[in-house]
Amino acid sequence: MNSAKTITITTAIELDTAHCKKIVAAVEKKLKCSFSSVKTVVNDGIIGGIKITIDNTEYDGSIKGKLDKVYQQMRKNS
Amino acid sequence: MNIDLMQIFIQAVNFFVVMGALSYLLYNPILKVLDERSKRIQEGNRAAETAIQQREAIDEMKAKAKKELEKEKAAILKEATQDARSSAEKIVEKAHDEAKTILGKAKDQANQEKSRMLGEMKGDIVEAIQTITATVIPKTIGVKDQVKLIDTELENILKAL
């Protein structure tokens, strides 16, 4: 199992510890690694959903991110 | 009445002398003058005939030259007409091409402007949606729904990993 990875979880609401642990465990299981540092950030700018940053890689599942994607797509097609 | 033979003889001699003198001094020169006059008339006639012939030849040449000139004039006119027609066609074609280019440019500009406006409009729409969503969603959905949304998106992220 790999280690020494950092994970940052960004949500629009504050997560309780259990929920946070559940998210981290699910990601660790998927990536077969363990995170040395877990950071949670509350940012209502993302509107809803979740944004996960592992080291320097970002996985955006936020409503803001989806809207930005739509915007970029629209600009690309126009 | 006495016939003086001597007198007759003298008269006869006198007559012949006068006749000879007249013949020598008057008749021959007159004949010569008449002959020369006749020659001059003949020469004049010949000259007149030559002049008439020359005149006819000149007239013929003039007619021929006129005909050739007419032909040349017609050819020049035809060529000029063709040139003018060709130039006119070229000008019209050029004008068409220019009009096409201008129209194409105008269309491109219009399309670009349309695209720009559409892009701006879409940007405005998305911004409005973002603003509305950011304002409305937190108020309309509760913590439970937010948690559900987090779990759903987490599943999607895990699938993508």
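The rules behind the values
Residues numbered from 1 in each chain as written. Chains lettered and ligands numbered in written order. Predicted model: local features only at pLDDT ≥ 70, side-chain atom pairs only at ≥ 80, totals over all residues. Heavy atoms only, no water. Helix = DSSP H or I, 4+ residues; strand = E, 2+ residues; numbered from the N terminus. Buried < 20%, exposed > 50% of the residue type's maximum accessible area, 1.4 Å probe, protein only. Areas by Shrake-Rupley, 256 points an atom, 1.4 Å probe, with all protein chains shown as cover. Core = buried A, V, L, I, M, F, W, Y, C linked by side-chain atoms within 4.5 Å. Contact = heavy atoms within 4.5 Å. Expected span 1.5 Å × (residues − 1). Arc of directions from axis to C-beta. Salt bridge = Lys/Arg side-chain N within 4 Å of Asp/Glu carboxyl O. Buried area = accessible area lost by both parts, 1.4 Å probe. Polar contact = N/O pair within 3.5 Å; in protein donor to acceptor, adjacent residues only side chain to side chain. Nonpolar A, V, L, I, M, F, W, Y, C, P; charged D, E, K, R; others polar. pLDDT = per-residue confidence, 0-100.

### Some points on the overall build of chain B
Item 1. Counting its secondary structure elements, chain B contains two helices and zero strands.
Item 2. Within chain B, the fraction of its 161 residues that count as buried is 8%.
Item 3. Summed over its atoms, the accessible surface of chain B is roughly 14100 Å², and 62% of this surface lies on carbon and sulfur atoms.

### Some thoughts on the nonpolar core
Where a protein is soluble and globular, its nonpolar side chains tend to be buried together.
Item 1. Core analysis: the largest hydrophobic core is formed by 17 residues, its most contacted members being Ile 7, Ile 9, Ile 23, Val 27, Phe 35, Ile 50 and Ile 52 of chain A.
Item 2. Elements with a contribution of two residues or more to this core: β1 (2-11), α1 (17-31), β2 (33-42) and β3 (49-54) of chain A together with α2 (143-160) of chain B.
Item 3. Once you skip the residues sitting within four places of it in the chain, Ile 23 of chain A turns out to touch Ile 9, Leu 15, Ile 50 and Ile 52 of chain A together with Ile 150 and Leu 154 of chain B.

### Observations concerning α2 of chain B
Structural remark: α-helix, 3.6 residues per turn; residues separated by three or four positions point the same way.
Residues and elements named next belong to chain B.
Item 1. Look at α2: 25 Å from first C-alpha to last across 18 residues, which is about the 26 Å you get at 1.5 Å a residue.
Item 2. Among the residues of α2, those classed as buried are Gln 146, Ile 150, Glu 153, Leu 154, Ile 157 and Leu 158. Buried residues along α2 cover an arc of 145° about the axis, so they all sit on one side. Structural note: α2 exposes Lys 144, Lys 148, Glu 155 and Lys 159 on the side pointing more than 90 degrees away from its buried face.

### Examining the pattern of salt bridges
Residue and element names in this part refer to chain B.
Item 1. Tallied over the entire structure, the rule returns five salt bridges over all chains.
Item 2. Between Asp 59 and Arg 55 there is a salt bridge; the shortest N-O distance is 3.8 Å. Here Arg 55 and Asp 59 lie together in helix α1 (residues 5-140), a separation of four residues that amounts to about one turn.
Item 3. We classify Arg 55 as exposed; its relative accessible area is 54%.
Item 4. What you see here is one network of salt bridges that share partners, running through Glu 113, Arg 116 and Glu 120.

### Regarding the interface of chain A and chain B
Item 1. Tallying the contact residues gives 27 residues for chain A and 21 residues for chain B.
Item 2. Here chain A packs against chain B, burying approximately 2300 Å² in sum over the two surfaces, 79% of which is carbon and sulfur.
Item 3. Run the count over chain A and chain B and you get one salt bridge.
Item 4. Here Lys 66 of chain A makes a salt bridge to Glu 153 of chain B, at a shortest N to O gap of 3.3 Å.
Item 5. Linking chain A with chain B are four residue pairs in polar contact (both at pLDDT 80 or more).
Item 6. Of all the elements in the fold, those that place two or more residues in the side of chain A that touches chain B are α1, β3, β4 (57-62) and α2 (63-77) of chain A.
Item 7. Taken together, the residues of the side of chain A that touches chain B sort by class into 16 nonpolar, six polar and five charged.

### Some details on the side chain of Gln 146 of chain B
Item 1. You can see Gln 146 of chain B is positioned in helix α2.
Item 2. The contacts of Gln 146 of chain B, once residues within four sequence positions are left out, are Ala 12, Ile 13, Ile 47, Gly 48 and Gly 49 of chain A together with Ile 141 of chain B.

### Re the confidence of the model for chain A
Item 1. Scored by pLDDT, chain A comes out at a mean of 87, with 91% of its residues at no less than 70.
Item 2. Ranking the elements of chain A by mean pLDDT puts α2 of chain A last with 80 and β3 of chain A first with 94.

### Observations concerning α1 of chain A
Residue and element names in this part refer to chain A.
Item 1. Between its terminal C-alpha atoms α1 stretches 21 Å, which fits the 21 Å expected from 15 residues at 1.5 Å a residue.
Item 2. What α1 keeps buried is the set His 19, Cys 20, Ile 23, Val 24 and Val 27. One side of α1 carries all its buried residues, which in axial view fall inside an arc of 135°. The exposed set on the far side of α1, more than 90 degrees from its buried face, consists of Thr 17, Ala 18, Lys 21 and Lys 29.
Item 3. Backbone geometry just downstream of α1 places Lys 32 in the positive-phi region, at approximately 50°.

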